[in-house]
Amino acid sequence: MCKFCKTNPVITLTNSKISLCSSCFIKYFEKKVFRTIRKFKLINKGDIIVVGVSGGKDSLTILNILNKLSETKRDLKIKAVLIDEGIKGYRNITIKDAQKFCKEKKIPLYIYSFKKEFGYTLDEMVKKLKLNPCIICGILRRYLLNKKSRLLGAKKLATGHHLDDETQSILMNQFKNNLELSARLGPITGVARFKNFIPRIKPLYLLTEKETATYAFLKKFNNKYVECPYSQDCFRNDIRDFLNDFENKYPGSKHGLIFSFLSVLPLLKEKYKEEKVKYCKSCKEPCAKEICNACEILKKLTFKEKDYSYE
């Protein structure tokens, strides 16, 4: 039974064993997002927030809640940005969900494509380059989200990353011995603030994937779940399955991991606070090297094209 109203529950929270009905869960979920925003000071007065959307459950969930917040805080402006990577049978479906949602909520939606911005779809890039599709996609998506959010006047870039996403990233960095990358994690990313780099915020930081999926289902955000065809064989999925198995055996493990990480995060940020930022010699976007990763990928595509022309 629901703890508060004694009706039939729709979910039992793994970290507390509390069962909630549909109505009480929605209130719980939204209140927890708002508390996360306040606790970590993710949003300031007068902010313009660009929300990175895909049309999936996570991004539509955070877009809905931030839009709801903007209705009570008139100085808060919300815009949505969708990156169309060009994945046949996947992105063309989720775009429709995002467009429908934004139209209903009267949220400005801006769509940018790999094809128009880089000259190739992700499907075409994968055929030309012997690189992990998720690596190509991740680098170019982050590049466009930062660049386009800045052009739209954003003070913050909000993403739908939840507790499961963060615990996966923490373990991935541990296994790869990359604490410097972990220092950039947290409810608001980065170690220091740099010109031309839009801080990314994660209002769903303390909510699980199960909770987020339940909220999206109850709110009827998606007609059906569509999985990216490139996500089957990747390191993150192996980490995800490992964590899910561990959580099933020892409920609350993910929450334990996230809160222990938050306790050491200030030490990591202090250790790597001297992080230097450069600006890509090719595109002038902020990066850690002389040439940014996005330009490195595009350069490889150009070389491949030239090689092909001589065959």
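Refer to the structure above for everything that follows.
A brief look at the structure comes next. (Residues numbered from 1 in each chain as written. Predicted model: local features only at pLDDT ≥ 70, side-chain atom pairs only at ≥ 80, totals over all residues. Heavy atoms only, no water.)

## Notes on the overall build of the protein
Of the regular secondary structure elements, the protein holds 12 helices and 9 strands. With the C-alpha coordinates of the protein rotated into their principal frame, the extents come out at 70 × 45 × 40 Å. Every one of the 311 residues in the protein was classed for burial, and the buried ones make up 50%. A total accessible area of about 16,800 Å² is found for the protein, and carbon and sulfur atoms account for 54% of it. (Helix = DSSP H or I, 4+ residues; strand = E, 2+ residues; numbered from the N terminus. Buried < 20%, exposed > 50% of the residue type's maximum accessible area, 1.4 Å probe, protein only. Areas by Shrake-Rupley, 256 points an atom, 1.4 Å probe, with all protein chains shown as cover.)

## Let's talk about the packing of aromatic side chains
Here the structure, examined in full by the defined rule, presents 10 aromatic pairs. Taking the centre distance of 5.0 Å and the plane angle of 50° together, the rings of Phe246 and Tyr250 count as tilted. Judged by its relative accessible area of 41%, Tyr250 is partly exposed. Among the aromatic residues, those joined into a cluster by ring pairs are Phe25, Tyr28, Phe29, Phe101, Tyr215 and Phe221. (Phe/Tyr/Trp six-rings, centres within 6.5 Å; stacked < 30°, edge-to-face > 60°.)

## Considerations on a nonpolar patch on the surface
On the surface, Phe242, Phe246 and Tyr250 cluster together to form a nonpolar patch covering roughly 300 Å² of accessible area. Position of Tyr250 relative to the elements: it lies in the loop between helix 10 (235–249) and helix 11 (253–271). (Patch = residues over 30% accessible without salt bridge, like charges linked within 9 Å, V, L, I, M, F, W, Y side chains within 5 Å. Salt bridge = Lys/Arg side-chain N within 4 Å of Asp/Glu carboxyl O.)

## Some words on the packing of helix 1 (residues 22–39) against helix 2 (residues 57–72)
At a minimum axis distance of 11 Å, the contact between helix 1 and helix 2 shows a crossing angle of 75°. What the angle tells us is that helix 1 and helix 2 run roughly perpendicular. Packed against helix 1, whose contacting residues are Phe29, Glu30, Val33, Phe34 and Ile37, the element helix 2 presents Thr61, Ile62, Asn64, Ile65, Leu66, Lys68 and Leu69 at the interface. Residues that form the contact of helix 1 with helix 2 fall into these classes: 8 nonpolar, 2 polar and 2 charged. (Axes fitted to C-alpha atoms, helices over the stretch in contact; angles between N-to-C directions. Parallel < 35°, antiparallel > 145°, perpendicular 65-115°, else oblique. Contact = heavy atoms within 4.5 Å. Nonpolar A, V, L, I, M, F, W, Y, C, P; charged D, E, K, R; others polar.)

## Comments concerning the pattern of salt bridges
Throughout the structure, instances matching the rule amount to 15 salt bridges. For Asp164, the salt bridge is made with Lys254, and the minimal N-O distance between the two is 2.5 Å. Taken as a pair, Asp164 in helix 7 (residues 163–175) and Lys254 in helix 11 lie far apart in primary sequence, 90 residues in all. Accessibility expressed as a relative area gives 4% for Asp164, which makes it buried. Lys254 sits in the buried class, given a relative accessible area of 7%. A network of salt bridges, in which partner residues are shared, links Lys57, Asp58 and Glu209.

## A few points about helix 9 (residues 209–219)
Taken residue by residue, helix 9 has Glu211, Thr212, Thr214, Tyr215 and Ala216 as its buried positions. Here the buried face of helix 9 lies against strand 1 (11–12), helix 1 and helix 2. Backbone geometry just after helix 9 places Lys220 at a positive phi near 60°.

By themselves, these observations are geometric and do not establish any function.
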